[in-house]
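What follows is the residue order along each chain.
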Amino acid sequence: MLKIRPATIHDAALLRTMIRELAEFEQELQWVTIREEDLIRDGFGENPRFRALIAEWDGQPAGYAVVFGYFSTWAGRGLFLEDLFVREAFRRKGIGKALLASVARIAVEERCYGIHWEVLDWNQKAIDLYKALGAEFRDKFRPVLLTGEPLQRLARQATAE
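Presented here is a report on the structure given in the accompanying data block. Here the residue index of a chain counts from 1 through its sequence in written order. Predicted model: local features are reported for residues with pLDDT of at least 70 only, side-chain atom pairs are reported and counted for 80 or more only, and whole-chain, interface and lining totals are derived from all residues. Calculated side-chain values reflect all of the structure's heavy atoms, with hydrogen atoms and water omitted.

## So, the packing of aromatic side chains
Moving on, step 1. What counts as a ring pair is set by centres within 6.5 Å for rings of Phe, Tyr and Trp (its six-membered ring), and what kind of pair is set by the plane angle: stacked under 30 degrees, edge-to-face over 60, tilted for all other angles. Enumeration over the complete set of coordinates arrives at 6 aromatic pairs.
Moving on, step 2. The ring of Phe 25 has Arg 91 sitting right over it, with the charged end atom 4.9 Å from the ring centre.
Moving on, step 3. Cation placement over rings: the criterion is NZ of Lys or CZ of Arg within 6 Å of the ring centroid and within 35° of the ring normal. Its end group placed over the ring of Phe 137, Lys 131 keeps NZ or CZ at 5.9 Å from the ring centre.

## Re the environment of Ser 72
Moving on, step 1. Strands are runs of DSSP state E lasting at least 2 residues, helices are runs of H or I lasting at least 4, and numbering of each runs from the N terminus. In this structure, Ser 72 sits in strand 3 (residues 60–72).
Moving on, step 2. With a 1.4 Å probe rolled over the protein chains alone, any residue whose accessible area is under 20% of its type maximum counts as buried; one over 50% counts as exposed, and the rest are partly exposed. You can call Ser 72 buried: its relative accessible area is 15%.
Moving on, step 3. For Ser 72 and Phe 85, which are 13 residues apart along the polypeptide, the C-alpha to C-alpha distance reads 26 Å.
Moving on, step 4. Between N or O atoms, a polar contact is any pair within 3.5 Å; within protein, one atom must be a potential hydrogen donor and the other a potential acceptor, and residues adjacent in sequence are included only when both atoms are from side chains. Within polar-contact distance, the side chain of Ser 72 engages the backbone nitrogen of Trp 74 at 3.1 Å.

## A look at the nonpolar core
Moving on, step 1. We call a set of buried Ala, Val, Leu, Ile, Met, Phe, Trp, Tyr and Cys residues a nonpolar core when their side-chain atoms join them within 4.5 Å. One finds Leu 79, Leu 81, Leu 84, Ile 95, Leu 99 and Val 103 to be the most contacted residues of the largest nonpolar core, which totals 20 residues.
Moving on, step 2. Of all the secondary structure elements, the ones that give two or more residues to this core are strand 2 (51–57), strand 3, strand 4 (76–86), helix 3 (95–109) and helix 4 (124–133).
Moving on, step 3. For this core, the element with the most residues is helix 3, which contributes 6 residues.
Moving on, step 4. Contacts of Leu 79, omitting those with residues within four sequence positions, involve Arg 51, Val 67, Phe 68, Gly 69, Tyr 70, Val 103, Ile 106, Ala 107, Cys 112, Gly 114, Ile 115 and His 116.
Moving on, step 5. Counting 15 residues, the second-largest nonpolar core is a separate cluster that includes Ala 23, Phe 50, Ala 52 and Phe 85. Note on definitions: a residue-residue contact is assigned when non-hydrogen atoms from the two residues lie within 4.5 Å.

Below is the structure:
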C-alpha cells in the first residue's frame with residue numbers, strides 16, 4: 001500500500017507538480033518560480049542542496065517531503081523540513097505522519113538534534129498532527145524573509161573583501 005522512497009532525478013517533474021499543488025493549497029501559487037531544471041541541478045546534481053522523499057500509495061504518487069541540513073550554533077546540525085505535502089485524494093491515510101517518521105529517521109541516523117519546520121496558522125489539521133507528535137511550537141520566534149529589491153539593495157551595501 002504505502003511506500004516511501006528517496007526521490008531520484010527522474011522525479012524532478014513530479015516534484016515540481018506537487019510543489020505547485022502545495023502552493024495552490026496554501027493559496028500562494030503565484031510565488032512559485034522553481035523550474036524542473038532548478039530541481040535537477042539543486043537536488044540531484046554534484047552538490048545537492050536538498051533531499052526529497054516520495055510517498056506512493058498503491059504505486060501512485062501521493063505526497064512528498066523536502067529537507068535540507070542546517071547548523072545551529074547552540075545545538076549543532078539539524079534538518080529543515082521545507083515541504084510536507086499529501087495530495088488531497090490520499091489524505092487521512094497516515095501518509096503525512098509516515099513521511100514525518102521517515103524524515104525523523106534521517107535526522108536520528110545523521111545525529112541531528114532535531115527537525116525544524118513551519119506551518120500556516122490556518123492549517124489546523126497539520127497543527128493538530130504536529131501537537132499530537134509532541135512538536136514544540138516556538139511562537140516567540142517570527143519568520144523573516146528578505147527578497148527582491150530590498151535584498152539587492154542590502155547586498156550592494158556589503159563591504160568588498
